[in-house]
Amino acid sequence: MTVRFKHESLSLTLLAALAFSTLPAQAATSGSPASAVNVFIGTGGDGHTFPGASRPFGMVQLSPDTQVRHFRQSYPWASGYRHDDTSILGFSHTHFSGSGHSDLGDVLLMPYSGETKLEPGYPERPFSGYRSRFSHQEEKAEPGYYAVRLKDNEVDVELTASERVGLHRYRFHKDAQAKVILDLRSSIYDYGSKNLWSRLRVRDATTLTGMRETRGWAPGRQLYFAVKFSRPMSARQLHNREEAVEYRGFAAPGKTPQDKVLVEGKALVAALEFGAPQDGTLMVKVAVSPVSEDNALANLEEMPGWDFEAERARAGAAWNEALSAVKADAPEPMRTMFYTSLYHSMLAPSLFMDRDGRYRGPDNQVHQAKNFRFHSTFSLWDTYRALHPLLTLVAPERRNADFVNSLIAAQQHSPYGILPVWSFHGLETWCMIGYHAVPVIADAYMKGIRGFDPDQALKAMTASAEYGPYGGLEHYMKLGYVPIDREPEAASKTVEYAFDDWTIARMAEKMGRKDVAARYYQRAQNYRNVFDKETGFIRARKSTGEFRTPFNPVQSNFGSDYTEGSAWQYSWYMPHDNAGLIAMLGGDTALVSKLDQVFDAKVEDKVYAHMEDISGLIGHYAHGNEPSHHVAYLYNFAGAPWRTQERLTHIMATQYANRPDGLSGNDDLGQMSAWFAFTALGFYPVAPASNEYVIGRPFLDKAVLNLPNGKRFTVRAEQLSEANRYVGRVTLNGKPLARTFLRHEDIVAGGELVFTMQAIPNKDWGKEPSARPYTQTRY
């Protein structure tokens with residue numbers, strides 16, 4: 001459906017000005033990158049981002065949860081928080097940023113001072129449980145910090161985090177009793193039997209440890225935790241609220257909830273009391289671990305003291321350091337939107353390794369990392385397109401090598417012997433299609449990122465591309481396409497496999513493995529086997545060779561010929577060989593004409609209304625979902641970059657905004673944001689592993705990339721204005737640039753790219769085939 005943004009009655013800037021006075025002022029220095037971030041962008045609409053505290057790529061994402069519903073009703077609450085809500089359930093320690101499916105919400109805490117209520121209650125019925133109403137006028141957040149006043153519970157809450165530890169500060173009214181609910185039942189994308197088992201243990205008067213195993217998106221996921229309070233407990237109740245337990249076994253010591261030091265079961269909740277603190281303050285540290293309760297206790301040592309302001313400052317400094325990879329100059333709201341996009345691009349993949357180097361892999365066993373830091377939360381169908389290419393420019397080489405080493409390690413631990421598809425907390429979910437860890441590794445290698453074994457990497461890549469039982473690969477390798485009568489979403493799988501194969505060929509060729517390169521370059525042409533020249537669309541074939549009929553290019557459905565899309569959205573997916581597409585369509589003019597049909601079509605809302613992931617529509621172009629993300633840049637391949645510039649102007653104006661509902665679709669662990677960041681800079685990686693970025697048009701007056709190698713690459717846009725939306729000329733290091741793409745080596749060598757903008761299109765620049773970006777076959 002077409003996304004229509006709602007208007008807020010108050011801007012976030014005004015809300016910040018009205019924010020409640022008892023909380024400290026913003027820690028981020030005025031003018032710094034962190035101070036420009038609006039963490040509430042994407043928390044409304046279908047953005048699915050969270051506003052809470054985390055470090056760059058941190059293991060803990062400490063954030064408020066406003067509703068937890070049955071998974072069939074949970075899509076709007078995929079991050080646990082929705083800006084439209086008026087009450088908070090509690091504060092949990094694990095969240096996804098922008099996912100279209102979900103899980104997590106582990107170890108939920110809720111402070112209060114009145115009557116103890118063990119159930120959360122209902123949003124529409126204040127005081128029906130331990131949840132509390134709140135107001136956005138009494139809420140503020142910045143990278144690494146979140147604060148809110150709980151109206152019903154009469155507590156001011158502040159949150160910050162290190163990599164593995166979340167830190168809470170609760171401020172109660174004078175003489176009020178400080179109390180906390182710890183609820184291990186609460187889970188994002190919940191259902192009745194999701195909790196397989198959980199445990200809560202009292203270690204001493206200030207310390208609890210525990211674990212939870214769930215059967216959610218990643219079945220059998222185990223997470224361990226340790227909770228440390230700044231004051232000793234004066235009273236406690238440990239409950240297992242399970243009903244109709246068929247076998248309870250024999251009773252452990254402790255006849256009442258107040259006596260128990262250990263409780264196990266599937267529905268654990270604790271009510272903890274701490275008396276009336278003299279200064280009204282109670283603080284809590286929570287560390288998580290994939291390995292054990294003891295490791296969670298050891299992870300607490302990452303944050304040894306109780307200095308909240310110091311920890312908040314460290315979190316802010318970590319974000320300023322990360323975001324300073326780009327110094328962006330632009331008027332508002334563009335500067336805020338750019339830095340928020342960069343911020344959202346640095347939340348995942350997330351660290352998932354204890355301080356001693358141990359982590360849990362896809363075999364659900366514990367492993368020891370050697371010379372790398374294990375990361376997980378790889379939303380690869382989304383993030384191989386722009387997020388990972390962006391991180392090669394804005395994150396340290398060591399971080400990118402950690403990502404690659406984590407993927408290789410996961411393949412080595414996998415019971416199936418293949419790379420992750422969509423993994424989190426070390427476990428595989430089998431969500432989406434393709435073997436898109438492959439282009440992430442290839443892109444890193446092609447760009448000169450080292451610190452991993454390329455032979456092991458290539459072995460992992462080919463093992464994934466040749467594992468027949470996965471996604472119809474046995475048929476793909478035999479027939480040259482995935483047959484729709486043997487495998488759903490066959491058209492999409494064929495073209496995505498072909499691109500992944502091309503990236504294997506690129507890396508193998510650079511490594512001198514000519515035999516592997518030749519085999520995979522041939523496989524990379526398999527996209528042709530599902531292109532129907534008669535209709536001009538990618539279509540699904542049967543195993544007998546004929547295209548499936550009847551055919552409707554706007555038809556979309558889960559399990560259909562396409563993955564979260566239609567023929568209109570998937571017929572452009574051969575990013576490594578757009579010259580081949582141009583030839584099959586009949587030339588440059590035919591490509592431009594068909595692209596225009598995509599963007600200019602009059603599409604009724606009902607056409608895609610049944611597909612929640614097809615959003616942000618401009619004609620058939622769906623910016624809210626990844627298959628469309630490169631499409632506006634394809635005009636460059638037909639010698640018409642001025643048309644790309646027009647389309648980008650429209651997309652940026654209609655699909656992003658400095659509001660809670662300012663994303664037209666799920667941020668998808670940073671992919672939507674990475675698209676914005678690249679496009680704002682003026683170029684985009686249409687084909688990761690090509691080492692080329694297709695030039696669009698800039699939206700920033702100036703940007704300086706402080707590159708991982710210590711050099712600087714500056715992008716300037718002269719005469720940029722709303723009227724001057726076209727590129728008149730481009731220079732690179734003072735010399736005219738005739739080509740409509742940048743090479744990666746142009747950027748990492750340092751230098752300056754200057755756009756001169758104008759009000760009318762330059763239809764000659766980039767027209768010649770010699771000026772066009774890479775394709776596998778000749779123009």
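This text goes with the structure placed above it.
For the structure given in this document, a descriptive report is provided here.

Conventions adopted
- Residues numbered from 1 in each chain as written.
- Predicted model: local features only at pLDDT ≥ 70, side-chain atom pairs only at ≥ 80, totals over all residues.
- Heavy atoms only, no water.
- Helix = DSSP H or I, 4+ residues; strand = E, 2+ residues; numbered from the N terminus.
- Rg over C-alpha atoms; globule rule 2.2 N^0.38 Å.
- Buried < 20%, exposed > 50% of the residue type's maximum accessible area, 1.4 Å probe, protein only.
- Areas by Shrake-Rupley, 256 points an atom, 1.4 Å probe, with all protein chains shown as cover.
- Lys, Arg positive; Asp, Glu negative; His and termini not counted.
- Charge placed at Lys NZ, Arg CZ, Asp CG, Glu CD.
- Pairing = 2+ DSSP bridges.
- Axes fitted to C-alpha atoms, helices over the stretch in contact; angles between N-to-C directions.
- Contact = heavy atoms within 4.5 Å.
- Salt bridge = Lys/Arg side-chain N within 4 Å of Asp/Glu carboxyl O.
- Polar contact = N/O pair within 3.5 Å; in protein donor to acceptor, adjacent residues only side chain to side chain.
- Core = buried A, V, L, I, M, F, W, Y, C linked by side-chain atoms within 4.5 Å.
- Phe/Tyr/Trp six-rings, centres within 6.5 Å; stacked < 30°, edge-to-face > 60°.
- Lys NZ or Arg CZ within 6 Å of the ring centre and 35° of its normal.

## So, the overall build of the chain
Okay, step 1: Regarding its fold elements, the chain presents 18 helices and 37 strands.
Okay, step 2: Against the 2.2 N^0.38 benchmark of 28 Å for 779 residues, the chain shows a C-alpha radius of gyration of 26 Å, consistent with a compact globule.
Okay, step 3: Taken over the C-alpha atoms alone, the chain extends approximately 80 × 55 × 50 Å along its principal axes.
Okay, step 4: Burial status across the chain gives 66% buried among its 779 residues.
Okay, step 5: Summing over all exposed atoms, the chain offers an accessible surface of approximately 27300 Å²; the carbon and sulfur share of this is 49%.
Okay, step 6: Placing the 85 positive and 87 negative side-chain charges of the chain at their respective mean positions leaves the two points 2 Å apart.

## Some remarks on the sheet that holds strand β7 (residues 145–150)
Okay, step 1: Strand order across the open sheet formed by nine strands is β6-β7-β8-β9-β17-β13-β12-β11-β15, with antiparallel pairing between neighbours. Whereas interior strands pair on both sides, the edge strands pair on one side only; in this sheet they are β6 (139–142) and β15 (262–265). This sheet shows a mean twist of 15° between the axes of neighbouring strands, independent of strand direction.
Okay, step 2: Sheet topology note: the β7/strand β8 (residues 155–161) ladder contains six bridges and is antiparallel. Looking at β8, one finds that Tyr-145 is bridged to Thr-160.
Okay, step 3: Each of β9 (165–172), β11 (195–204), β12 (207–215), β13 (219–229) and β17 (281–289) is contacted by helix α2 (residues 293–300), which is oriented at about 125° to β17, the strand it contacts most.
Okay, step 4: Most of the contacts of helix α3 (residues 308–323) go to β8, to which it runs at about 50°, and overall it touches β6, β7, β8, β9 and β17.

## Structural notes on the pairing of β15
Okay, step 1: Side chains Val-263 and Gly-265 project from β15 onto a buried face, and the interleaved Leu-262 and Glu-264 project onto a face without burial.
Okay, step 2: Where β11 meets β15, four bridges bridge the pair, whose relative direction is antiparallel. Within β15, the position partnered with Arg-199 by the bridge is Glu-264.

## Notes on the pattern of salt bridges
Okay, step 1: Inspection of every chain in the model, using the stated rule, returns 46 salt bridges.
Okay, step 2: With a closest N to O distance of 2.9 Å, Asp-152 and Arg-133 form a salt bridge. Of this pair, Asp-152 sits in the loop between β7 and β8 while Arg-133 sits in strand β5 (residues 132–133), and the two are 19 residues apart along the sequence.
Okay, step 3: Note on Asp-152: relative accessible area 13%, which makes it buried.
Okay, step 4: Exposure remark for Arg-133: the relative accessible area of 27% places this residue in the partly exposed category.

## Here we look at helix α6 (residues 387–394)
Okay, step 1: A large share of α6 lies buried, amounting to eight of its eight residues.
Okay, step 2: Within α6, the full set of buried residues consists of Leu-387, His-388, Pro-389, Leu-390, Leu-391, Thr-392, Leu-393 and Val-394.

## Regarding the pairing of β6
Okay, step 1: With burial as the criterion, each face of β6 is covered, one bearing Glu-139 and Ala-141 and the other bearing Lys-140 and Glu-142.
Okay, step 2: Pairing analysis gives four bridges linking β6 to β7, with the strands arranged antiparallel. Within the sheet, the bridge partner assigned to Glu-139 lies in β7 and is Val-148.
Okay, step 3: Where β6 hands over to β7, the hairpin turn is made up of two residues, of which Gly-144 adopts a positive phi near 85°.

## Here we look at the side chain of Asp-354
Okay, step 1: Residue placement: Asp-354 occurs in the loop between β19 (350–351) and β20 (358–360).
Okay, step 2: For the buried Asp-354, which has no salt bridge, the nearest side chain bearing the opposite charge is Arg-164, at an N-O separation of 5.2 Å.
Okay, step 3: Polar contacts involving the side chain of Asp-354 include one to the side chain of Asn-295, which spans 2.7 Å.
Okay, step 4: Ignoring any residue separated from it by four or fewer positions in sequence, one finds Asp-354 in contact with Met-59, Arg-164, Val-288, Ser-289, Pro-290, Val-291, Asn-295 and Asn-299.

## Observations regarding the sheet that holds strand β33 (residues 712–718)
Where strands meet in a sheet, backbone hydrogen bonds hold them as pairs that are either parallel or antiparallel.
Okay, step 1: Taken together, the six strands give an open sheet; going across it, the order is β18-β32-β33-β37-β34-β35, and neighbouring strands pair in mixed fashion. The strands lining the two open edges of the sheet, one partner per strand, are β18 (326–329) and β35 (735–736).

## A look at the nonpolar core
Okay, step 1: In terms of nonpolar packing, the biggest core is built from 222 residues, with Phe-91, Phe-338, Leu-742 and Leu-753 touching the most fellow members.
Okay, step 2: For this core, the element with the highest residue contribution is helix α11 (residues 490–510), accounting for eleven residues.
Okay, step 3: Within the second largest apolar cluster, eleven residues are counted, among which are Tyr-145, Ala-147, Leu-167 and Leu-300.

## Focus on helix α17 (residues 671–681)
Each α-helix winds once per 3.6 residues, and so residues spaced three or four apart point in a common direction.
Okay, step 1: Counting buried residues in α17 gives eleven out of eleven residues, a clear majority hidden from the surface.
Okay, step 2: Positive backbone phi, approximately 115°, marks Gly-682, located one or two places after α17.

## Some remarks on the side chain of Asp-501
Okay, step 1: Secondary-structure assignment places Asp-501 in helix α11.
Okay, step 2: If sequence neighbours within four positions are ignored, Asp-501 has contacts with Tyr-435, Ala-465, Tyr-476, Tyr-520, Arg-523 and Ala-524.

## With respect to the packing of aromatic side chains
Okay, step 1: Per the counting criterion, the structure on display carries 37 aromatic pairs.
Okay, step 2: Residues Phe-683 and Tyr-693 carry aromatic rings whose centres are separated by 5.6 Å and whose planes lie at 65° to one another, so their mutual orientation is edge-to-face. Of this pair, Phe-683 sits in strand β30 (residues 683–684) while Tyr-693 sits in strand β31 (residues 692–695); the two residues are ten residues apart in sequence, bridging distant segments of the chain.
Okay, step 3: According to the relative accessible area criterion, Tyr-693 is buried, its value standing at 1%.
Okay, step 4: Taken together, the aromatic side chains of Tyr-633, Tyr-656, Trp-675, Phe-676, Phe-678, Phe-683, Tyr-684 and Tyr-693 make up a single cluster linked through ring pairs.
Okay, step 5: The ring of Tyr-774 has Arg-506 sitting right over it, with the charged end atom 5.1 Å from the ring centre.
Okay, step 6: The side chain of Lys-594 reaches across the aromatic face of Trp-568, ending 5.7 Å from its centre.

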